[in-house]
Each structure stands twice: as C-alpha cells, then as structure tokens.
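# Residue-level structural notes
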Amino acid sequence: MKSILMAALAVAAAPHACAQWQGALETAARHVTMSEYEQSGKRFVRESGDLPGAGIGLSYRADRLEVFGTMRVFGATISYDGVLQNGSSYGSETATRLAQSQLGLRYRVLPDTRAIAALEYDGWKRDIRGSAVAIGLREQTHSRRLLLGAEQTWNMRSGGKLGAGATLVHAQPERLRVQFSGVLDDASLRTRAATGYLFELTYQPGSFARLSLGAQFDYMKVPRSAAQPATRNGNPAGDITQPEHVRQGVTLLVRYLL
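Quick caveat, the model's predicted, so the values are computed rather than measured. (Residues numbered from 1 in each chain as written. Predicted model: local features only at pLDDT ≥ 70, side-chain atom pairs only at ≥ 80, totals over all residues. Heavy atoms only, no water.)

Counting secondary structure elements, the protein chain contains 1 helix and 14 strands. Rg of the C-alpha trace for the protein chain: 23 Å, well past the compact-globule value of 18 Å for 258 residues, more than 25% over. Overall, the protein chain is about 75 × 50 × 30 Å in size when its C-alpha atoms are taken along their principal axes. Split into buried and exposed, the 258 residues of the protein chain put 36% on the buried side. For the protein chain, the share of sequence-separated contacts (at least 6 apart) that also reach a separation of at least 24 residues comes to 61%. Accessible area of the protein chain: about 14,900 Å², with a carbon and sulfur share of 59%. Computing the positive centroid from 30 side-chain charges and the negative centroid from 22, the protein chain places the two 6 Å apart. (Helix = DSSP H or I, 4+ residues; strand = E, 2+ residues; numbered from the N terminus. Rg over C-alpha atoms; globule rule 2.2 N^0.38 Å. Buried < 20%, exposed > 50% of the residue type's maximum accessible area, 1.4 Å probe, protein only. Contact = heavy atoms within 4.5 Å. Areas by Shrake-Rupley, 256 points an atom, 1.4 Å probe, with all protein chains shown as cover. Lys, Arg positive; Asp, Glu negative; His and termini not counted. Charge placed at Lys NZ, Arg CZ, Asp CG, Glu CD.)

Below is the structure:
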C-alpha cells in the first residue's frame, strides 16, 4: 500500500509534458461609444471618449486544453451629448468606470486553431454630471455573458506569430441601478437579453516572444427595457425605462507574458 501511495504522489508531482502556467500583465487604451435611442429609432444620447486601463491574466495549459482567467479595469471622463425634455441639446461629461472579468476554456482543434468558450462579468458605472438646467444621474449596470468563438494563428517568416479571433457574445439582461440626484427615488431596472460580437487581432514578435500586441473591436445592441414605476418620496411619479442602447469599443492592448 505504501509503495502504491508513493508512486501516485510521484506521478502527481511530476510535471506534465505539455502542462504549464502562464501569467500576463496588460496595459490598454479603449475608445468607447454608447448611444441611446428613442422608440422611433432617433438617437438622443451619445457618449464617447478614451478610457485608459490595465489588466492581469492567468492560464494553465495541458495538451490541447487551456483554462484561462482575465480581469481588466478602465476608467476616465468622457463626453456626453444629449437632448433635454424640451428638445434642446445638452452637453456634459460622464465619469465612466468599466470592469470586465472572464473565466474560460480554449481547446486546440487543429495545430493552429482553437475553440473558445468563456463566462464574462461586465460591470459599468456612469456618473453623468448635472448643471443648472439638468440633474445629474448615476447608473450602475451589471451583466453576465456567454462567449463562444474561435481563433487562428499563423507563423510568420520573421519568426513572429499573427492571430485573429471572432467571438459571439450572448448577454443576460442587464441589471441597472439608477440614482436621480434626489429628484426621484433610486430605481432598479432590468433590460432584455442581447447579442453582440467581438473581433481580435494579435501580433507576437519573434524577437521578443514575451510581448504581445492586440486590437479588439466589440459591438452590442441592448433592447429597450420594460417600463417600471417611478416614485418620489415613496409616492407614484410616472414610469421610467432604460432606452435601447448600443455599446461599442476599440481596444488596443500591450501584453507582457510572465
């Protein structure tokens, strides 16, 4: 029995021929655009700007299978262009913070082709600054997403590697918490499920294998939520909805493999 136990421990302690851990540090810049639309299809809000960010990653690969996790955080103040209830234009700024984390699997189906499946958490905070003519708003949105995609890599003559990936994103209904600066009571909304996509290009120089450069483009249209009753000091004050909105971004990444 002792010899069997020692043999089992030896096998568990021995490194797998293809197994390895890999960590990564990232710096990133993300250009975001968020647009809200009336039921007629007319756009009445557009936010846009650049969000600097940083991230970390960790993966474990054994043979064809890789388990990975990532976390990225972005934040800055971006421009807000909207329309007041009287129809006049209104410009302001939105303090924005975006946090995304993923846990997923990559499976090598061919020597240079991998299938991807992952779960993602998206946390989005918006603080729209008010003025003498308009109240400020604070919104916190949380969403869970399922990602399914594939990526292909090519070995270049220079010794580097070029990669391309495409991912379908299915998002559960967003859960939204809104603060109306005291004009109305805080409210909670729930949007409808949404589907989007993400495309990515990566380049790993042959002369510096620990460095990876990447560019991503993502897009998602979130349907209009159902109307929810609004209150002021606990008394009915009409209805509120989360309009149909489109989120899209272009992200540039510099990744250093540890």
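Moving on, we get to a nonpolar patch on the surface. Among the surface-exposed residues, Trp21, Leu58, Tyr60, Leu65, Val67, Leu103, Leu105, Tyr107, Val109 and Leu110 lie close enough to one another that they form a single nonpolar patch of about 950 Å² accessible area. Broken down by element, the residue count for the nonpolar patch peaks at 5 residues, all from strand β4 (residues 89–110). Relative to the helices and strands, Val67 resides in strand β3 (residues 65–83). (Patch = residues over 30% accessible without salt bridge, like charges linked within 9 Å, V, L, I, M, F, W, Y side chains within 5 Å. Salt bridge = Lys/Arg side-chain N within 4 Å of Asp/Glu carboxyl O.)

Mapped onto the elements, Arg255 comes out in strand β14 (residues 244–257). A distance of 2.7 Å separates polar atoms of two side chains, one belonging to Arg255 and the other to Glu26. Contact partners of Arg255, with chain neighbours within four places excluded, come to Ala24, Leu25, Glu26, Arg72, Glu200, Arg210, Leu211 and Ser212. (Polar contact = N/O pair within 3.5 Å; in protein donor to acceptor, adjacent residues only side chain to side chain.)

Moving on, we come to the nonpolar core. One finds Leu51, Phe74 and Tyr80 to be the most contacted residues of the largest nonpolar core, which totals 14 residues. Listed by contribution, the elements that provide at least two residues to this core are β1 (20–37), β2 (43–62), β3, β4 and β5 (113–128). With 9 residues, the next largest nonpolar core counts Phe68, Ile116, Leu147 and Met220 among its residues. (Core = buried A, V, L, I, M, F, W, Y, C linked by side-chain atoms within 4.5 Å.)

Further remarks concern the pairing of β1. Pairing between β1 and β2: 18 bridges, direction antiparallel. Within β2, the position partnered with Met34 by the bridge is Glu47. Taken together, β1 and the strand that follows it, β2, pair antiparallel across an intervening segment of 5 residues, in which Gly41 is found at a positive phi of about 95 degrees. Sheet topology note: the β1/β14 ladder contains 14 bridges and is antiparallel. Residue pairing across strands places Glu26 opposite Arg255, the latter belonging to β14. (Pairing = 2+ DSSP bridges.)

Here we take up the layout of surface pockets. Gaps left between atoms show up when a probe the size of a water molecule is rolled over them. Considering only enclosed or pocket space, the second largest pocket measures out at about 1,000 Å³ in volume. When residues of the lining of the second largest pocket are traced back to their parent elements, those giving at least two are β1, β2, β3, β5, β6 (137–155), β8 (175–179) and β13 (235–240). Here the residues of the lining of the second largest pocket sort into 20 nonpolar, 4 polar and 6 charged. (1 Å grid on protein atoms, 1.4 Å probe; cavity = no way out; pocket = protein on both sides within 12 Å on 5 of 7 lines; lining within 4 Å. Points joined across faces, edges and corners; volume = space filled by probe spheres on them. Nonpolar A, V, L, I, M, F, W, Y, C, P; charged D, E, K, R; others polar.)

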